[in-house]
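# Topology and contacts: notes
Single-letter residue listing:
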Amino acid sequence: MVTSMEKLINHLKTQGFIFQGSEIYGGLANSWDYGPLGAELKQKVKDLWWNYFIRKNHYNLGLDSSIIMNTEVWKNSGHLGNFNDPLIDCKKCKSRFRADKIIEEKFPDFNSGKLTNAQLEDFINKNKIICPKCGSLDYTSIRNFELMFKTNQGVIQDDSSAVYLRPETAQGIFINFKNVQRSLRKKLPFGIGQIGKSFRNEITPGNFIFRTREFEQMELEFFFDPDDKFDWFNYWIEEVENFLTKVLGFKSESYSKRVHEKEELAHYSKATTDFEYNFIFGRGELWGVAHRGDFDLKSHSEGSKHDLTYLDPLTNKKITPNVIEPSVGLERLILAILTESYCEEDIENGTRTVLKLPKKIAPFQLCVLPLQKQQNDQAFNLYTELLKDFDVIYDETGNIGKRYRRQDAIGTPLCVTIDFETENDNCVTIRERDSMNQKRVNLSDLKENLKKEFF
Ligand code: GAP
């Protein structure tokens, strides 16, 4: 596991995973661009989530709704007016902070989420929580800061054309509940999930890709009859845990679950359990599972004057379904995966940095390498042949040890090497990333052998 954020960021930049956003213009604070390997990793994690929660789950269906929606959506979801953070300014150095976060930095085990603004101010003054930038204790009072990004749609730039970038993908699902249910003739219980960008004008983004203003969410809204006695809330908590441990291979000591206290629940939530990951900077929310009750469908029914109830075909009863929502940020999950898989190991002639990524999400499954120049053509031909079935990279530069190290550093599970003997015995060497064990395999059996490893 990696112990320094700086080390991780450097590694990911050098290896082509993540670059600073707008770097050649001096950067844009807290924006990150995903290089070729980061883009692959993101895509594969999204595919894994989509397969697990949507494609291979008989209850659920997918959706891809708009980022910009009618402003009425945000009035009725409660975001306009409710979706804000407690902003506090240092009068001396003019730095701006989230009041709850400066408390939590000093008192990591204290839960400030349940305090009112007045209580936050009181706590900061009583405990003499000084400005993290300049050290003075001279703050403004706390104001609520609107987190949604506002823009204008069309040529007229006034309030009548104001629209917002979505701060969560969930609302696109609620407003399409009836469309999906009717068009696919779904019976309760069923879920609708989607993956997409969300935007929040965070007061204090940071910790690399943990909290950014532009990020992707993978959200599922699972609808069920409120009279259904089955415990769907815990069912989805278990599914999230299965995904983390069985699909992504997270160690059980890397994360913990935190049940929200009543006072800190979001305006829509009846109950929430967060999966918190032990990031390099400390524990942080990774994946939330919320019981949203019937808040959203009721609010949108009332606001839109469209009936969003479900007619039970057996009882002819009209129901407003309840909702369980497992919601995770893609980049946060990527940060946890990278933290989990980064290691430095002592080996015979030095150290190696390895990303022990699960095979399913490694940017490349294989690297094909010729041992010597004379084998370049044969190795390149093998590479193009393997590309038909696998995600492969080809590398012919540098000595073989260095090339293995390069593949370790980007998490490629297997290297296939054409060597001196290949000409005589028609065999190649397969080297495994984590154990560094090698075995020889006949070229005629190679694809079958590799398929067993990956599929
Ligand atoms: N629909 C519910 C919802 O959006 P949330 O707790 O605000 O709930 C859900 O966000 C998840 O989205 C979080 O657990 C986190 O993984 C991710 N997330 C939220 N804000 C984020 C940010 N500024 N940057 C990166 N990820 C974020």
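This is a predicted model, so every value here is computed, not measured.

Okay, the overall build of the chain next. Within the chain, the secondary structure is distributed over 15 helices and 23 strands. Counting only C-alpha atoms and orienting by the principal axes, one finds that the chain spans roughly 75 × 65 × 50 Å.

With numbering aligned to this structure, UniProt lists the feature "domain: Aminoacyl-transfer RNA synthetases class-II family profile" (unreviewed entry) at residues 146-363. For the annotated span residues 146-363, helix accounts for 23% and strand for 36% of the residues, and the straight-line distance between the end C-alpha atoms is 38 Å.

Using the criterion set out here, one finds 35 aromatic pairs in the structure. Ring centres of Phe53 and Trp287 lie 5.8 Å apart, and the angle between their planes is 50 degrees; this geometry places the pair in the tilted category. Here the residue Phe53 occupies a position in helix H2 (residues 36-55), and Trp287 occupies one in strand S13 (residues 282-293), the gap between them amounting to 234 residues. Residue classification places Trp287 among the buried positions, given a relative accessible area of 0%. Among the aromatic side chains, those forming a connected cluster through ring pairs are Trp49, Trp50, Tyr52, Phe53, Tyr59, Phe222, Phe230, Trp232, Tyr235, Trp236, Phe243 and Trp287. The ring of Tyr268 carries Arg292 above its face, with NZ or CZ at 3.7 Å from the centroid. Above the face of the Phe210 ring, Arg332 is positioned so that its terminal group lies 3.7 Å from the ring centre.

Ordered by their spatial adjacency, three strands build an open sheet running S5-S4-S6, and the pairing between neighbours is antiparallel. If you trace the sheet from one side to the other, it starts and ends with strand S5 (96-98) and strand S6 (143-146), each paired once. Neighbouring strand axes in the sheet, compared pairwise and without regard to direction, differ in orientation by 50 degrees on average. In terms of strand pairing, strand S4 (residues 84-89) meets S6 through four bridges, oriented antiparallel. Looking at S6, one finds that Leu87 is bridged to Arg143. Sitting on the sheet, helix H5 (residues 99-106) is in contact with S4 and S5, with an inclination near 75 degrees to S5.

On to the packing of H5 against helix H6 (residues 117-126), then. At a minimum axis distance of 10 Å, the contact between H5 and H6 shows a crossing angle of 40 degrees. Between H5 and H6, the interaxial angle falls into the category oblique. You can see that H5 and H6 cross each other, and the crossing is left-handed. Residue-level contacts link Ala99, Asp100, Ile102 and Ile103 of H5 to Leu120, Phe123 and Ile124 of H6. Its residues assigned to classes, the contact of H5 with H6 shows six nonpolar, no polar and one charged.

Let us look at the side chain of Glu219. Locating Glu219 in the fold gives a position in strand S10 (residues 214-224). Arg292 is the oppositely charged side chain nearest to the buried, salt-bridge-free Glu219, at an N-O distance of 5.5 Å. Separated by 2.6 Å, the side chains of Glu219 and Thr169 make a polar contact. Within the structure, Glu219 has its side chain in polar contact with the backbone nitrogen of Ala170 (distance 2.7 Å).

Across the five residues of strand S21 (residues 414-418), five count as buried, placing the element largely inside the fold. When strand S19 (residues 366-370) meets S21, the two strands line up parallel, connected through five bridges. For Pro370, the partnering residue across the bridge sits in S21 and is Ile418. In terms of strand pairing, S21 meets strand S22 (residues 427-432) through four bridges, oriented antiparallel. In the strand pairing of S22, Leu414 is matched with Glu432.

Before going further, it helps to examine the packing of helix H12 (residues 376-387) against helix H15 (residues 446-454). When two helices pack together, their arrangement is given by the angle between the helix axes and the distance between those axes. Where H12 meets H15, the closest approach of the two axes is 12 Å, and the angle between their N-to-C directions is 50 degrees. Considered as vectors, H12 and H15 are oriented oblique to each other. Here the hand of the crossing between H12 and H15 comes out right-handed. Side by side, H12 and H15 meet where Leu382, Glu385 and Leu386 of the first sit next to Leu446, Lys447 and Leu450 of the second.

Here we take up the environment of Ala29. With respect to the helices and strands, Ala29 occurs in the loop between strand S1 (18-20) and strand S2 (32-34). A residue is classified by how much of its surface remains accessible, and Ala29, at 54% relative accessible area, is exposed. Taking C-alpha positions, Ala29 is 8.8 Å from Gly206, a pair spaced 177 residues apart along the chain.

Attention now goes to the pattern of salt bridges. Tallying each qualifying case throughout the model produces 43 salt bridges. The shortest N-O distance in the salt bridge between Asp227 and Lys317 comes to 3.1 Å. In this pair, Asp227 sits in the loop between S10 and helix H9 (232-247) while Lys317 sits in the loop between strand S14 (310-311) and strand S15 (318-319), placing the two residues 90 residues apart along the sequence. Here Asp227 falls in the partly exposed class, since its relative accessible area comes to 48%. You can call Lys317 partly exposed: its relative accessible area is 34%. A salt bridge links Asp395 to Arg406, with the shortest nitrogen-to-oxygen separation between them at 2.8 Å. Placement of the pair is Asp395 in the loop between strand S20 (392-394) and helix H13 (400-410) and Arg406 in helix H13, with a sequence separation of 11 residues.

Calculation notes
Per chain, the residues get numbers from 1 upward, laid out in the order the sequence is written. Residues qualify for local features only when their pLDDT is at least 70, as the model is predicted, and side-chain atom pairs are given and counted only at 80 or more; totals for whole chains, interfaces and linings, by contrast, use all residues. Side-chain measures were taken over the full set of non-hydrogen atoms in the model, leaving aside hydrogen atoms and water. Helical segments are the DSSP runs of H or I of at least four residues, strand segments are the runs of E of at least two, and each set is numbered from the N terminus. UniProt positions are given in the numbering used here, feature names are shortened, and annotations may be inferred rather than shown by experiment. Pairing of aromatic rings covers Phe, Tyr and Trp, the last through its six-membered ring, and needs centres within 6.5 Å; plane angles under 30 degrees mean stacked, over 60 mean edge-to-face, and all others mean tilted. In this scheme, a residue with accessible area under 20% of its type's maximum is buried, one over 50% is exposed, and one in between is partly exposed, where area comes from a 1.4 Å probe on protein chains only. Charge over a ring is defined by NZ of Lys or CZ of Arg lying within 6 Å of the ring centre and within 35 degrees of the ring normal. Pairs of strands are assigned from DSSP output, requiring at least two bridges between the strands. Helix axes are fitted only over the stretch in contact, all axes being lines through C-alpha atoms; the angle between N-to-C directions runs from 0 to 180 degrees. Any two residues having at least one pair of non-hydrogen atoms within 4.5 Å are treated as being in contact. When an angle is under 35 degrees it counts as roughly parallel; over 145 it counts as roughly antiparallel; between 65 and 115 it counts as roughly perpendicular; any other value is oblique. Helix crossings fall into two classes, left-handed where the near helix is turned counterclockwise from the far one by less than a right angle and right-handed where it is turned clockwise. Gly is placed with the polar residues, together with every amino acid not listed as nonpolar (Ala, Val, Leu, Ile, Met, Phe, Trp, Tyr, Cys and Pro) or charged (Asp, Glu, Lys and Arg). The sign given to each residue is positive for Lys and Arg and negative for Asp and Glu; His and the chain ends receive no count. Every case where a carboxyl oxygen of Asp or Glu lies within 4 Å of a side-chain nitrogen of Lys or Arg is listed as a salt bridge. Nitrogen and oxygen atoms within 3.5 Å of one another constitute a polar contact, given that in protein one can donate a hydrogen and the other can accept it, and given that sequence-neighbouring residues count only through two side-chain atoms.

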